[in-house]
Number of protein chains: 2
Amino acid sequence: MATKPEFLLIGPGGVGCIAAFTINYNHTANVSIVVRRDYETVRKHGYHIDSVDYGKVDGWKPENVFASVEEASKSGIKFDYIAVSTKNLQDIVPVEELIAPVVSAHSVVVLVQNGFGIEKPLFAKFPQNIVLSGVSHIGSHNRNGHIHQMQSDHLVISAFENPNVDADSQVAAANRFIEMYSNNINKCVYFASAKWYRYRKLVYNACLNTTCALTGVDTGRLEAAGGLEAIAIPAMKEVIRVAKADGVELPDDVINVVCHADDGDYFEPSMRVDVKKGNPIELEAILGNLLDTARKLKVETPILDLLFKLLTVVQFRLKEANGYVGVPEKRPIPDTFFK
Amino acid sequence: MATKPEFLLIGPGGVGCIAAFTINYNHTANVSIVVRRDYETVRKHGYHIDSVDYGKVDGWKPENVFASVEEASKSGIKFDYIAVSTKNLQDIVPVEELIAPVVSAHSVVVLVQNGFGIEKPLFAKFPQNIVLSGVSHIGSHNRNGHIHQMQSDHLVISAFENPNVDADSQVAAANRFIEMYSNNINKCVYFASAKWYRYRKLVYNACLNTTCALTGVDTGRLEAAGGLEAIAIPAMKEVIRVAKADGVELPDDVINVVCHADDGDYFEPSMRVDVKKGNPIELEAILGNLLDTARKLKVETPILDLLFKLLTVVQFRLKEANGYVGVPEKRPIPDTFFK
């Protein structure tokens with residue numbers, strides 16, 4: 001058997017931790033992780049995992065635990081796979097800059113993140129690298145190094161289409177990753193079109209995440225208040241129109257399926273949870289990049305446009321609260337004639 | 001001199017309390033107030049007033065303090081003037097129902113409240129009564145019976161045009177009220193068109209209150225985040241178009257004046273403050289009634305429409321938090337095919 005591949009995970013939240021654990025469990029790669037917030041705890045005690053798939057595991061650690069991407073880079077390890085499962089905060093921590101120190105010519109990057117168009121900044125910075133799309137349907141969270149996985153791991157892998165790399169190599173990389181990741185417990189499957197899959201996810205995320213984030217409710221109360229029919233469904237129709245103009249035909253019943261996705265649950269979408277916690281939101285990944293595409297394709301999206309403009313103000317507030325932007329102590333008087 | 005008129009104030013907040021105090025100070029009417037939240041305190045100790053206009057007054061009480069409108073009604077007093085300075089929460093506490101027990105044929109109602117179209121439900125219920133518009137430019141608040149007035153009283157009085165009452169009587173009633181209210185300290189002036197004045201106020205309120213309420217910022221941060229130009233100004237243009245279709249020409253520089261209204265201040269509009277405090281918002285008065293008028297006049301208002309739909313969901317959340325609406329413990333599964 002050849003040397004094992006080197007796998008690096010950046011962003012060990014509930015999803016990422018189970019991914020790193022899985023590959024370590026499979027013995028299919030040497031596993032390294034970059035841990036920032038919980039570094040000291042994890043270094044000393046490892047993770048406490050309570051998993052519907054793997055049971056209870058106390059003090060789990062992979063081969064290497066790094067405090068930063070720079071430290072991972074200094075290790076001299078050439079990473080074959082770099083999986084990123086941080087929040088995608090393009091306007092705060094661009095993924096392409098975050099991972100730059102560890103990317104080498106042969107690295108395959110795997111974005112296990114929400115959103116649309118998130119591969120584009122990577123292709124711009126690393127034109128020859130393969131970038132895989134990982135859409136996770138797991139239910140798992142990380143609270144200070146305690147991982148609680150409530151829902152079995154189901155990961156959908158595709159290759160984002162890099163025009164500079166031949167298609168076969170990209171598909172082969174996706175399949176190698178699936179082989180490395182799969183076992184007899186989880187479900188890790190190949191899906192041919194990352195683009196289709198991510199448009200399909202946007203029908204939910206670009207419409208329900210955004211509306212719930214702005215109004216401060218879960219999807220159940222959104223429906224009870226009339227906002228599902230008044231706001232979210234018209235927004236979904238705009239996503240479907242952009243997809244169509246971009247060559248992606250979504251199923252006829254997609255709106256119905258999405259509206260029933262949380263049946264029985266007062267579910268708070270991730271962007272709503274971020275606003276509630278005072279964290280920045282994945283605004284570009286979940287909405288902004290879609291609107292860039294809509295503009296290029298000359299599709300009108302008046303509802304999504306206004307949701308985006310409102311959320312841009314919310315993001316400003318969240319960035320200020322987290323120290324990313326500031327305002328002068330006394331409000332400056334604008335030297336503008338507004339009209 | 002004839003018998004003094006009977007004046008009743010409902011809603012003794014910062015604005016209303018100074019109004020009642022003023023008329024009592026002027027000895028131009030017998031003053032009664034309905035106090036709900038602070039009834040016991042006010043009954044025993046009166047109000048503590050710290051006023052830029054009248055100085056410090058300890059333990060002020062008018063002739064009558066009632067715990068409810070019903071109690072005021074049971075007193076047998078026939079009120080000549082009924083001033084209402086509660087929040088205008090048309091969808092929760094309709095003013096016409098609130099005041100019904102004390103309205104008699106000759107009562108003049110004075111709405112010292114934010115908003116547009118707020119006279120219509122009163123004309124529907126009391127077709128023969130005169131309803132005056134009071135727009136207050138005071139700075140004053142009430143914290144548990146302590147009134148702090150920071151900004152001199154400036155009240156603009158007009159008659160809402162009741163088509164069932166001759167115009168001269170309405171103007172005369174407005175002038176009688178002004179005479180009763182004015183003194184050598186305050187400023188209480190007549191303005192011929194309530195409609196014009198309230199459209200003018202909506203250029204600010206329907207656009208800045210709403211946008212700041214949804215995004216959780218003050219008007220300074222709204223500007224810093226780009227939301228003034230991206231959202232609020234386009235919304236103002238919609239208000240101006242509705243006004244124009246309704247026969248009201250606003251000045252050419254109104255947008256500029258409104259955008260500079262808070263120069264130097266990080267000002268939180270009242271609707272933003274209500275959301276922050278978890279109180280219901282004046283949604284119909286500040287936006288909903290305007291959109292009803294826009295529909296009748298066939299003026300398109302896409303931005304204001306979406307702001308209204310979003311705020312309807314926010315209002316649902318605020319109503320739930322205040323016990324006005326509820327949802328089942330387990331989310332019901334909708335028996336709907338969404339499309």
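Residues numbered from 1 in each chain as written. Chains lettered and ligands numbered in written order. Predicted model: local features only at pLDDT ≥ 70, side-chain atom pairs only at ≥ 80, totals over all residues. Heavy atoms only, no water.

Trainee: Can you help me understand the overall build of chain A in this one?
Mentor: A tally of helices and strands in chain A yields 13 helices and 12 strands. Over its C-alpha atoms chain A spans a radius of gyration of 20 Å, differing by no more than 12% from the 20 Å that the globule rule assigns to 339 residues. The C-alpha extent of chain A, read off along each of the three principal axes, is 65 × 50 × 45 Å. The 339 residues of chain A split such that 56% are buried. Taking as baseline every contact in chain A between residues at least 6 positions apart, the subset at least 24 positions apart corresponds to 71%. Accessible surface, chain A: about 14,300 Å² in total, of which carbon and sulfur atoms supply 51%. (Helix = DSSP H or I, 4+ residues; strand = E, 2+ residues; numbered from the N terminus. Rg over C-alpha atoms; globule rule 2.2 N^0.38 Å. Buried < 20%, exposed > 50% of the residue type's maximum accessible area, 1.4 Å probe, protein only. Contact = heavy atoms within 4.5 Å. Areas by Shrake-Rupley, 256 points an atom, 1.4 Å probe, with all protein chains shown as cover.)

Trainee: Would you mind going over the UniProt feature "domain: Ketopantoate reductase N-terminal" (unreviewed entry) in chain A with me for this structure?
Mentor: Residues annotated in UniProt with the feature "domain: Ketopantoate reductase N-terminal" (unreviewed entry) correspond here to residues 8-161 of chain A. Within residues 8-161 of chain A, the helical portion is 24% and the strand portion 35%, while the C-alpha atoms at the span's ends are 22 Å from each other. (UniProt positions renumbered as here; feature names shortened; annotations may be inferred.)

Trainee: For this particular structure, what's the right way to read the side chain of serine 104 of chain B?
Mentor: All names here are of chain B. Here serine 104 lies in the loop between α4 (95-99) and β7 (108-111). When its relative accessible area of 17% is taken as the criterion, serine 104 is described as buried. Excluding its chain neighbours within four sequence positions, the residues that come into contact with serine 104 are Lys78, Phe79 and Asn129.

Trainee: Sorry, what's going on with the relation of the copies chain B and chain A here?
Mentor: In this structure, two copies of a chain are linked by a rotation about an axis accompanied by a shift along it. If you rotate chain B by 180 degrees and push it 0.0 Å along the axis, it lands on chain A with an RMSD of 0.0 Å. The two molecules are tied by a two-fold rotation axis, judged by turn and shift. Residues of chain B ranked by C-alpha distance from the rotation axis are headed by leucine 214 of chain B, positioned 3.1 Å from it. Mapped onto chain A, 100% of the interface residues of chain B again fall at the interface, so both copies present the same surface. (Least-squares fit on C-alpha atoms with pLDDT ≥ 70 in both.)

Trainee: Just checking my understanding: could you explain the sheet that holds strand β3 (residues 47-51) of chain B for this structure?
Mentor: All names here are of chain B. Within the open sheet, the 4 strands sit side by side as β4-β3-β10-β9. Their pairing is mixed. On the outer flanks of this sheet lie β4 (55-60) and β9 (139-143), each paired with one strand and no other. When the angles between neighbouring strand axes are averaged without regard to direction, this sheet yields 10 degrees. Pairing of β3 with strand β10 (residues 146-151), which is carried by 4 bridges, proceeds in the parallel orientation. Each bridged residue has a counterpart across the sheet, and for histidine 48 the counterpart in β10 is histidine 146. (Pairing = 2+ DSSP bridges. Axes fitted to C-alpha atoms, helices over the stretch in contact; angles between N-to-C directions.)

Trainee: Where do I start with the pairing of strand β1 (residues 6-10) of chain A in this structure?
Mentor: Remark: a regular strand shows side chains that alternate across the two faces of the sheet. Residue and element names in this part refer to chain A. The buried fraction of β1 amounts to 5 of the 5 residues, a majority that puts the element mostly inside the structure. Burial of the side chains of β1 extends over both faces: Glu6, Leu8 and Ile10 are buried on one face and Phe7 and Leu9 on the other. Pairing of β1 with strand β2 (residues 30-34) involves 5 bridges; the strand directions are parallel. Along β2, the bridge assignment pairs leucine 9 with isoleucine 33. The pairing of β1 with strand β6 (residues 81-84) spans 4 bridges and is classified as parallel. Each residue of the ladder has a partner; that of isoleucine 10, found in β6, is valine 84.

Trainee: I keep staring at the packing of helix α13 (residues 302-321) of chain A against helix α7 (residues 194-215) of chain B and nothing clicks. Help me out?
Mentor: A pair of packed helices is characterised by two quantities: the angle between their axes and the separation of those axes. Contact geometry of α13 of chain A with α7 of chain B gives a least axis separation of 9 Å together with a crossing angle of 55 degrees. Between α13 of chain A and α7 of chain B, the interaxial angle falls into the category oblique. Note on packing geometry: the crossing formed by α13 of chain A with α7 of chain B is right-handed. On the side of α13 of chain A, the interface is formed by Leu310, Val313, Val314 and Arg317 of chain A, while α7 of chain B contributes Thr211, Leu214 and Thr215 of chain B. Here the residues of the contact of α13 of chain A with α7 of chain B sort into 4 nonpolar, 2 polar and 1 charged. (Parallel < 35°, antiparallel > 145°, perpendicular 65-115°, else oblique. Left-handed = near helix turned anticlockwise from the far one by under 90°. Nonpolar A, V, L, I, M, F, W, Y, C, P; charged D, E, K, R; others polar.)

Trainee: What is the right way to look at the interface of chain B and chain A in this model?
Mentor: Reports of interface size often rely on the accessible area that becomes lost once the parts have come together. Counting from both sides, the interface comprises 52 residues of chain B and, opposite them, 52 residues of chain A. Summing both partners gives a buried area of about 4,500 Å² for chain B against chain A, and 65% of it is carried by carbon and sulfur. Across the salt bridge formed by arginine 221 of chain B and glutamate 320 of chain A, the nearest N and O atoms sit 2.6 Å from each other. Our count for the contact surface shared by chain B and chain A stands at 20 residue pairs in polar contact (both at pLDDT 80 or more). Looking at the side of chain B that touches chain A, the elements with two or more residues in it are α7, α8 (219-224), α9 (227-245), α10 (254-259) and α13 (302-321) of chain B. Take the side of chain B that touches chain A: its biggest share by element is 11 residues, from α13 of chain B. Partitioned by chemical class, the residues of the side of chain B that touches chain A number 26 nonpolar, 11 polar and 15 charged. (Buried area = accessible area lost by both parts, 1.4 Å probe. Salt bridge = Lys/Arg side-chain N within 4 Å of Asp/Glu carboxyl O. Polar contact = N/O pair within 3.5 Å; in protein donor to acceptor, adjacent residues only side chain to side chain.)

Trainee: Looking at this structure, I do not really get the state of the cysteines. What am I missing?
Mentor: Here a disulfide denotes one covalent bond, and it connects the sulfur atoms of two cysteines. Enumeration over the complete set of coordinates arrives at 0 disulfides over all chains. Cysteine cysteine 188 of chain B is unpaired, with the sulfur of cysteine 17 of chain B as its nearest cysteine sulfur at 17 Å. (Disulfide = S-S within 2.5 Å.)

Trainee: Mind showing me how you'd approach the environment of histidine 146 of chain B here?
Mentor: Residue and element names in this part refer to chain B. Following the sequence through the fold, histidine 146 ends up in strand β10. Taking relative accessible area as the criterion, histidine 146 reaches 46% and is therefore assigned partly exposed. Separated by 104 residues in sequence, histidine 146 and valine 42 have C-alpha atoms that sit 9.8 Å apart. Those residues in contact with histidine 146, other than ones at most four positions away along the chain, are His48 and His141.

Trainee: In this structure, what is going on with unusual backbone geometry? I would like to understand it.
Mentor: Excluding glycine, residues mostly carry a negative phi; peptide bonds, for their part, are mostly trans. Unusually for a residue other than glycine, asparagine 144 of chain B sits at a positive phi of about 50 degrees. With respect to the helices and strands, the residue asparagine 144 of chain B is situated in the loop between β9 and β10.

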